[in-house]
Amino acid sequence: MTYKITAKCISCDLCLPVCPTGAISIIDGQRTIDPNLCNGCVDTLYTVPQCVAGCPTCDGCVKQANNYWECWFDTYKKCMDKLTNKNQDYWETWFTAYSQKFSEQLEKKRSSQAA
Ligand code: SF4
Ligand code: SF4
């Protein structure tokens, strides 16, 4: 089972150093997971995927659907959630705003350290 980084990624880079297999890298400015290296953190010290556990966004890093039907149901569920406004609940809105603030603070810190 492998994981992938989605468009919700805010480029905080927290997942890069915690991946036990070194599967996460930055290619052309995009954070990406090499499916040949990602083992879902199975057979490591960890009980949960470290990239997901440390990601400050709701779904910046998600499980990669393995086959056609898994992919189909994944897309179907996302569409239904959108149509029924399930994604617009209070905590999701709060978490998205928090993630953006977190990203801004991180960027400021990086800039001040670089100066
Ligand atoms: S699931 Fe584990 S091995 Fe795969 S990218 Fe995430 S941290 Fe790395
Ligand atoms: S921890 Fe999440 S938001 Fe940060 S770089 Fe990794 S996938 Fe993107």
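The structure this text deals with has already been given above.
Quick caveat: nothing in here was measured; it's all calculated off a predicted structure.

A. Layout of the pattern of salt bridges. All told, the structure shown has three salt bridges when counted by the stated rule. Note that aspartate 59 and lysine 8 form a salt bridge whose closest N and O atoms lie 3.5 Å from each other. Of the two residues, aspartate 59 is situated in the loop between helix 2 (50–54) and strand 4 (61–63) and lysine 8 in the loop between strand 1 (3–5) and helix 1 (15–18); the sequence distance between them amounts to 51 residues. Residue aspartate 59 is classed as partly exposed on the basis of its relative accessible area of 26%. When its relative accessible area of 46% is taken as the criterion, lysine 8 is described as partly exposed.

B. Examining the environment of alanine 65 more closely. Its location among the elements puts alanine 65 in the loop between strand 4 and helix 3 (68–83). Taking the C-alpha atoms as reference points, alanine 65 and serine 11, 54 residues apart in sequence, are found 22 Å from one another. The contacts of alanine 65, once residues within four sequence positions are left out, are Glu70 and Cys71.

Reading the values: rules and limits
- Residues numbered from 1 in each chain as written.
- Chains lettered and ligands numbered in written order.
- Predicted model: local features only at pLDDT ≥ 70, side-chain atom pairs only at ≥ 80, totals over all residues.
- Heavy atoms only, no water.
- Salt bridge = Lys/Arg side-chain N within 4 Å of Asp/Glu carboxyl O.
- Helix = DSSP H or I, 4+ residues; strand = E, 2+ residues; numbered from the N terminus.
- Buried < 20%, exposed > 50% of the residue type's maximum accessible area, 1.4 Å probe, protein only.
- Contact = heavy atoms within 4.5 Å.

Interpretation in functional terms is not warranted from these geometric data alone.
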